[in-house]
Amino acid sequence: MNATTSGDYVVRAIRADEWEAVKRLRLVALRDPVADIAFLETYDDALGRPDSFYRERAARSAEEPSGARQFVAEAADGEWAGTVTVLIEEAGSVDWAGLPVERRQGHVVGVFVRPEHRGSGLVKALFDAGVTWARERGAERVRLLVHEDNPRAQGAYRKAGFVPSGVTVQLESDGGKREFEFVLLWPA
């Protein structure tokens, strides 16, 4: 398993046997004050999922080859300080919002850093791990979607090198609010 060190953290892919830690961190993330606009699931929904859901999610992420990989930043004391998941989207498919996928790409989801670890460069370190993984799998770019009312996240993503692509997704479930696509491109 590849792991990188970033300051006082080790950034690495999760292991299949870490499903309980995956579940705990997800529940913490869903208690964040902006969770309602940052995640597509509620705390109650996540809490109500059976343990088998988290076991399967962790196992799929740890498989090779895999179409998704979850990375965590582990602090010196063993606490998971943050996480990011990257999904591989295939050219010619359609994404969750019904938009066509024009090229093989990584799609970043589930970004979360515990409040006491924010501002430490951890988001960039997590993105670096996820982007490297996606590139190794032939992704031509990496993208993410961020809610229009989440300027903190938008700023963190810009700082990590992502830029708005001009694509927006209308959220019917959120009164017509929008999510903006941000992309990270690299030379061909």
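Treat the numbers as computed from the prediction; the structure is a model and nothing was measured.

### What about the nonpolar core?
Phase 1 of the analysis: Core analysis: the biggest nonpolar cluster contains 32 residues, and Val108, Leu126, Phe127, Leu144, Tyr157 and Phe162 have the highest contact counts within it.
Phase 2 of the analysis: Taken together, the elements giving at least two residues each to this core come down to strand E2 (9–13), strand E3 (68–75), strand E4 (80–89), strand E5 (105–113), helix H5 (122–136), strand E6 (141–147), helix H6 (151–159) and strand E8 (177–185).
Phase 3 of the analysis: Counting residues per element, this core draws most heavily on H5, which supplies 9 residues.
Phase 4 of the analysis: In contact with leucine 126, other than residues within four places in its own chain, are Val11, Phe71, Val72, Ala73, Gly82, Thr83, Val84 and Val113.
Phase 5 of the analysis: Core analysis: the second largest hydrophobic core is formed by 17 residues, Ala21, Val22, Val72 and Trp80 among them.

### A word on unusual backbone geometry
Phase 1 of the analysis: The linkage connecting glutamate 64 with the following residue, proline 65, adopts the cis geometry, with an omega of -10°.
Phase 2 of the analysis: Within the element layout of this structure, proline 65 appears in the loop between helix H4 (51–62) and E3.

### As for the pattern of salt bridges
Phase 1 of the analysis: Evaluation of the coordinates by the stated rule reveals 22 salt bridges.
Phase 2 of the analysis: Put simply, arginine 12 and glutamate 18 hold a salt bridge, and the shortest N to O gap is 2.6 Å.
Phase 3 of the analysis: We classify glutamate 18 as buried; its relative accessible area is 10%.

### A word on the environment of serine 66
Phase 1 of the analysis: Along the polypeptide, serine 66 turns up in the loop between H4 and E3.
Phase 2 of the analysis: Excluding its chain neighbours within four sequence positions, the residues that come into contact with serine 66 are Arg60, Ser61 and Trp133.
Phase 3 of the analysis: Polar side-chain contacts of serine 66 include one of 2.9 Å to the backbone oxygen of arginine 60.
Phase 4 of the analysis: Here alanine 68 takes part through its backbone oxygen, which lies 2.5 Å from a polar atom of the side chain of serine 66.

What counts as what
Residues numbered from 1 in each chain as written. Predicted model: local features only at pLDDT ≥ 70, side-chain atom pairs only at ≥ 80, totals over all residues. Heavy atoms only, no water. Core = buried A, V, L, I, M, F, W, Y, C linked by side-chain atoms within 4.5 Å. Buried < 20%, exposed > 50% of the residue type's maximum accessible area, 1.4 Å probe, protein only. Helix = DSSP H or I, 4+ residues; strand = E, 2+ residues; numbered from the N terminus. Contact = heavy atoms within 4.5 Å. Salt bridge = Lys/Arg side-chain N within 4 Å of Asp/Glu carboxyl O. Polar contact = N/O pair within 3.5 Å; in protein donor to acceptor, adjacent residues only side chain to side chain.

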